[in-house]
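Fold and contact review
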Amino acid sequence: MDLARDLLDVQLIDPRQRPIGRVDGILLDVRPGQPPSIAALEVGAITVLRRVHRPLARWVHGIVLRWLGVSWRPTRIRLEHWGRVGVDIEIKVGERAEQRLLRFERWLSTRIVRRLPGGTKGTKP
Amino acid sequence: MKNLTKIGLGILTSIGGYLEVGSMGTAIQAGAAFRYELLWAIALGTICIAFLVEMTGRLAAVSRHSVVAAVRKRFGFRFQVWPLLSQVLVDLLVLASEIGGASLALELATGYSFRIFVLPVAVLIWALLWFATFGAIEHSVAVLGLVTLSFSVAAWWLRPDWTAVRHGLVPHRPATDAAQYAYFAVGILGATISPYLFSFYSSGAVEEEWRKEDLMPNRIVAALGMGFGSLVAMSVMVVAAIVLAPRGIEGEMYQQAATMLSLPLGHWGFRLFWLSLFIGCVGAALEIALDVSYIVGQTFGWAWSENQPPGEEARFALGYTLAIVAATAPSLLGIDPLKLTMFSMAVTVVFLPILIGPLLVVMNDGEYLEEYTNGWITNIAVAAIVGLAFALAALAIPLQLMAQ
Amino acid sequence: MSAPRRRLVRVEDLIGQRVREQSGRVVGRIEEIRAEPRGDRYEVTEYHLGTGAMLERLAIIRHLVRPSDTIIARWDQIDIEHPDAPVLTCPVEQLKHEKR
């Protein structure tokens with residue numbers, strides 16, 4: 001497969017077939033004397049910001065680290081369980097990766113959205 | 001039969017949802033100042049948006065991607081971040097205009113300053129998005145929006161000079177005041193070729209799981225929906241030309257301009273005017289706020305669907321919430337809704353090339369569209385109209401700014 | 001025996017980077033990296049180099065632009081240990097050329 005065209009920016013889906021993110025970065029394992037191999041896929045705001053402007057990404061990460069005390073580390077995913085769906089490659093992520101990728105969503109949902117009226121209704125007709 | 005209902009609904013939604021503060025405001029101003037001479041701008045803009053809407057519907061049906069998702073995948077984030085930021089900016093400005101327009105409608109109705117209505121209008125829009133589903137929103141927009149047909153009724157009743165109308169439908173140079181003429185042309189094109197229209201359409205098509213069988217209905221809805229919708233906008237210009245122009249009433253003189261329906265439609269005319277403005281603006285605001293959520297969610301690959309309750313897709317809900325909050329700022333600060341509208345139309349035109357360019361590239365990519373890629377007529381038509389709009393903007397806006 | 005040197009390099013840093021030969025002359029930009037499954041890993045097999053990276057990657061007017069040269073390098077012909085400055089490990093003549 002062609003990494004830039006087929007793997008980068010591709011949709012990720014969770015074990016329940018729902019979209020969960022995109023491949024923001026790909027890490028290669030480089031060992032002397034051996035072909036580089038895909039170590040992991042990376043998903044994260046800093047990873048994707050890095051592609052636009054590396055110094056800005058470093059600066060933002062520094063700010064978040066210093067002021068919010070949070071290490072905004074990206075989520076790493078192994079390339080397994082993938083299949084071609086139409087023009088896309090869809091990659092299924094494992095349970096643990098799913099937890100990490102959805103942590104902001106879950107926080108927002110439990111702390112704020114579900115506390116508001118109408119936030120917890122079942123799937124609407 | 002089921003297809004026919006779908007097509008009918010699609011066309012109705014397009015007609016009902018066509019008028020909003022941009023198309024109304026620009027049509028009234030242009031009609032009051034230049035009578036029928038700018039009808040061609042509405043026609044040209046409509047041809048372009050019909051092509052764009054058909055394209056994004058086709059993209060959704062064949063590749064199962066919305067525009068934004070296809071652009072990120074095809075070009076990578078490093079490029080796509082720029083169309084994304086541009087579209088969010090344009091969307092926020094137009095959303096701010098719609099909130100201002102709806103507030104202005106309530107000012108016309110009650111006599112109280114539009115500023116006190118800004119927050120209630122914003123809360124209304126937010127609540128509708130929070131509690132309702134995609135289908136419910138679209139159908140109500142369609143049905144309620146039919147109130148704007150009062151302009152068409154009025155235009156027909158006023159018996160316009162059809163020769164002059166025909167003349168206005170052909171692009172031509174004005175007799176006087178070329179700078180303002182071009183400025184209004186830019187405004188009309190920006191109001192008609194609004195990015196959220198085709199972006200939202202493709203998101204909707206993906207939400208409704210269109211497939212290749214929907215390609216022909218898509219074409220019909222795009223052509224007839226936009227076509228009939230544009231007739232309503234032209235009706236606004238015709239009524240303004242007949243009622244306002246001879247009396248020297250300009251578009252900014254709200255109270256007087258709002259009586260333009262009173263001559264043909266009697267004392268209900270005023271009510272229909274502000275109702276049309278209010279419903280048109282709220283309908284558009286719903287779509288634009290959703291569009292912001294859609295394009296951010298699609299860019300980052302999150303689950304995005306208006307059919308899920310907010311608890312299931314908190315980030316999606318956060319998207320339109322933040323958009324609405326941000327969009328209240330200009331009107332709360334007291335910025336005149338019409339000035340805000342004209343400004344956002346101009347900004348829209350300036351960003352059209354970067355928003356439509358990548359789409360044109362994707363539409364010619366066989367990987368996404370298989371054998372349904374664009375014909376050369378479509379490519380040239382869209383590219384030409386966008387080029388024209390951009391050229392007019394480059395000339396007209398500086399001139400207009402100098403004149404003020 | 002010391003552990004083999006190992007580096008993590010990002011694909012997104014490599015794409016668009018100019019590849020130079022030992023003398024410093026630019027050979028082309030990395031436009032694509034091809035990988036194949038080998039066992040349970042995906043290994044890089046080739047690098048595709050081109051000239052005006054941006055326009056070609058975007059392939060704006062595929063049919064109108066003259067098909068240009070793509071240079072294909074095997075994985076062992078480019079050293080990517082320093083992704084900001086990839087370097088040829090072989091003479092430039094040994095690279096394959098292909099018309100796209």
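Keep in mind that what you see is a predicted model, and the values were worked out from it rather than measured. (Residues numbered from 1 in each chain as written. Chains lettered and ligands numbered in written order. Predicted model: local features only at pLDDT ≥ 70, side-chain atom pairs only at ≥ 80, totals over all residues.)

1. As for the overall build of chain B
Of the regular secondary structure elements, chain B holds 19 helices and zero strands. Referenced to the eigenvectors of the C-alpha coordinate spread, the extents of chain B come out at roughly 55 × 50 × 45 Å. Here chain B, with 404 residues, has 59% of them falling under the buried criterion. The long-range fraction of contacts in chain B, counting pairs at least 24 apart against all pairs at least 6 apart in sequence, stands at 85%. (Helix = DSSP H or I, 4+ residues; strand = E, 2+ residues; numbered from the N terminus. Buried ≥ 20, exposed ≤ 12 C-beta atoms within 10 Å, placed from the backbone. Contact = placed C-beta atoms within 7 Å.)

2. Some words on the overall build of chain A
Each helix and strand counted, chain A has five helices and seven strands in total. The helix and strand sequence of chain A, counted from the amino end, reads α-β-β-β-β-α-α-β-β-β-α-α. Expressed as lengths along the three principal axes of its C-alpha atoms, the size of chain A is roughly 60 × 40 × 25 Å. Counting over 125 residues, chain A shows a buried share of 34%.

3. Details of helix H16 (residues 314-332) of chain B
End to end, H16(B) covers 27 Å across 19 residues, agreeing with the expected 27 Å (1.5 Å per residue, within 8%). Phi turns positive, to about 95°, at B:Gly334, one or two residues after H16(B). (Expected span 1.5 Å × (residues − 1).)

4. Considerations on unusual backbone geometry
Positive phi is not limited to glycine here, since A:Asp9 has a value of about 70°. Within the fold, A:Asp9 resides in the loop between helix H1 (3-7) and strand E1 (11-13). Residue classification places A:Asp9 among the buried residues on the basis of 26 C-beta atoms within 10 Å. Unlike most non-glycine residues, B:Arg159 shows phi in positive territory, near 45°. Inspection of the secondary structure assignment puts B:Arg159 in the loop between helix H8 (149-157) and helix H9 (162-168). Residue classification places B:Arg159 among the exposed positions, given that 9 C-beta atoms sit within 10 Å.

5. Let's talk about the interface of chain B and chain A
Note: interface size is frequently given as the accessible area lost on complex formation between the parts. Of the residues lining the interface, 26 residues belong to chain B; the matching set on chain A comes to 29 residues. Ranked by residues supplied to the side of chain B that touches chain A, first place goes to H16(B) with four residues. In terms of residue class, the side of chain B that touches chain A is made up of 13 nonpolar, seven polar and six charged. (Nonpolar A, V, L, I, M, F, W, Y, C, P; charged D, E, K, R; others polar.)

6. So, the pairing of strand E3 (residues 26-38) of chain C
Residue and element names in this part refer to chain C. Where strand E2 (residues 18-20) meets E3, three bridges bridge the pair, whose relative direction is antiparallel. Its bridge partner lying in E3, Arg18 is registered against Arg29. As consecutive antiparallel partners, E2 and E3 are separated by five residues, and within that stretch Gly24 has a phi angle of approximately 105°, a positive value. Sheet analysis places E3 next to strand E4 (residues 41-50), joined by nine bridges and oriented antiparallel. Paired with Ile33 across the two strands is Tyr47, which belongs to E4. Hairpin remark: E3 followed by E4, antiparallel, with two residues in the connecting loop; positive phi at Gly39, about 70°. (Pairing = 2+ DSSP bridges.)

7. With respect to the packing of helix H4 (residues 67-75) of chain B against helix H5 (residues 77-110) of chain B
Residues and elements named next belong to chain B. Closest axis-to-axis distance for the H4/H5 pair is 7 Å, and the angle between their directions is 150°. As the angle between them shows, H4 and H5 are arranged roughly antiparallel. Each of Val71, Arg72 and Phe75 in H4 lies in contact with H5, whose residues at this interface are Phe77, Phe79, Gln80 and Pro83. (Axes fitted to C-alpha atoms, helices over the stretch in contact; angles between N-to-C directions. Parallel < 35°, antiparallel > 145°, perpendicular 65-115°, else oblique.)

8. With respect to the nonpolar core
Core analysis: the biggest nonpolar cluster contains 151 residues, and B:Val186, B:Met237, B:Val239, B:Ala240, B:Ala285 and B:Ala289 have the highest contact counts within it. If you tally residues by element for this core, the top one is helix H15 (residues 268-300) of chain B, at 18 residues. A:Leu7, C:Val44, C:Ile71 and C:Ala73 belong to the second largest nonpolar core, which has 39 residues in total. (Core = buried A, V, L, I, M, F, W, Y, C linked by C-beta atoms within 7 Å.)

9. Digging into the sheet that holds strand E7 (residues 88-92) of chain A
All names here are of chain A. Within the open sheet, the four strands sit side by side as E2-E1-E7-E6. Their pairing is mixed. Where the open sheet ends on each side, the last strands, each with one partner, are strand E2 (19-22) and strand E6 (82-85). Put simply, the sheet's adjacent strands are angled 35° from each other on average, direction ignored. Of the strand pairs in this sheet, E6 and E7 are connected by four bridges, and their pairing is antiparallel. By the bridge assignment for E7, Trp82 is matched with Ile91.

10. Let's talk about the environment of B:Leu95
Residues and elements named next belong to chain B. Among the structural elements, Leu95 can be located in helix H5. Assessed through the 30 C-beta atoms surrounding it within 10 Å, Leu95 is described here as buried. Taking the C-alpha atoms as reference points, Leu95 and Leu224, 129 residues apart in sequence, are found 26 Å from one another. Dropping the residues within four chain positions of it, Leu95 is found in contact with Ala285, Ile288, Ala289, Ala323 and Ala327.

11. Overview of helix H7 (residues 134-145) of chain B
With twelve residues, H7(B) ought to run about 16 Å at 1.5 Å a step, and its terminal C-alpha atoms sit 16 Å apart, in line with that. Against helix H1 (2-16) and H15 of chain B lie the buried residues of H7(B).

12. So, the confidence of the model for chain A
Summary statistics for chain A give a mean pLDDT of 83 and a share of 93% for residues scoring 70 or more. Here E6(A) stands out as the least confident element of chain A, with mean pLDDT 78; strand E3 (residues 25-30) of chain A is the most confident, with 94. (pLDDT = per-residue confidence, 0-100.)

13. Examining the packing of helix H6 (residues 118-131) of chain B against H15(B)
Residue and element names in this part refer to chain B. Between H6 and H15, the shortest axis-to-axis distance is 10 Å and the interhelical angle comes to 60°. Between H6 and H15, the angle is such that the two are oblique. For the element pair H6 and H15, the recorded crossing hand is right-handed. Residues Leu124, Ile125, Leu128 and Leu129 of H6 form the contact with H15, whose participating residues are Val282, Ala285, Leu286, Ala289 and Leu290. In the contact of H6 with H15, the residues fall into nine nonpolar, no polar and no charged. (Left-handed = near helix turned anticlockwise from the far one by under 90°.)

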